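Survey of secondary and tertiary structure
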Amino acid sequence: MKVKRYTCVVCGRVFPQGQGIVLRRAGIELAFHSKACLSKFFKLFIERIDEGQFKKAAREAIKEFEELRKAKQTVKRI
């Protein structure tokens with residue numbers, strides 16, 4: 001069986017399926033061979049995205065993580 005291979009969009013390194021980080025959204029596939037490459041891409045991406053879109057998406061993500069943290073804290077109490 002042939003293993004699918006990806007090319008990192010940041011450094012160009014080729015890696016097999018099951019390694020690295022592959023994201024698919026809006027018909028675009030983003031492949032990163034490491035979290036460092038993902039971080040580099042993300043930093044550049046947020047600098048270039050429209051400020052209004054960024055604020056809305058960031059606030060929604062922050063709110064979601066806050067809710068997850070609160071849910072975890074209530075479960076841990078004895």
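Structure report, in brief. Predicted, not measured: the structure shown is a model, and the values here were computed from it. (Residues numbered from 1 in each chain as written. Predicted model: local features only at pLDDT ≥ 70, side-chain atom pairs only at ≥ 80, totals over all residues. Heavy atoms only, no water.)

**Considering the overall build of the protein chain**
The helix and strand inventory of the protein chain stands at two helices and four strands. Seen in sequence order, the protein chain has helices and strands lined up from the N terminus as β-β-β-β-α-α. Its C-alpha atoms give the protein chain principal-axis dimensions of about 50 × 35 × 25 Å. Considering only contacts in the protein chain between residues 6 or more positions apart, those separated by 24 or more positions represent 18%. Here the protein chain displays about 7,200 Å² of accessible surface, and carbon together with sulfur accounts for 56% of that area. (Helix = DSSP H or I, 4+ residues; strand = E, 2+ residues; numbered from the N terminus. Contact = heavy atoms within 4.5 Å. Areas by Shrake-Rupley, 256 points an atom, 1.4 Å probe, with all protein chains shown as cover.)

**Notes on the nonpolar core**
Counting residues in each nonpolar core, the largest one holds six residues, listed as Tyr 6, Cys 8, Phe 15, Ala 31, Phe 32 and Cys 37. In contact with Tyr 6, not counting residues within four places along its chain, are Arg 13, Val 14, Phe 15, Pro 16, Gln 17, Val 22, Arg 24, Glu 29 and Ala 31. (Core = buried A, V, L, I, M, F, W, Y, C linked by side-chain atoms within 4.5 Å. Buried < 20%, exposed > 50% of the residue type's maximum accessible area, 1.4 Å probe, protein only.)

**Things to note about the environment of Glu 47**
Within the secondary structure, Glu 47 sits in helix H1 (residues 35–48). Given the relative accessible area of 63%, Glu 47 is considered exposed. Put simply, Glu 47 and Leu 23 are 24 residues apart on the chain and 19 Å apart in space, counted from C-alpha to C-alpha.

**Details of the pairing of strand S4 (residues 28–32)**
Where strand S3 (residues 21–25) and S4 come together, five bridges link them in antiparallel fashion. When the bridges of S4 are listed, Val 22 appears paired with Ala 31. What sits between the antiparallel neighbours S3 and S4 is a turn of two residues, in which Ala 26 has the positive phi angle 55°. (Pairing = 2+ DSSP bridges.)

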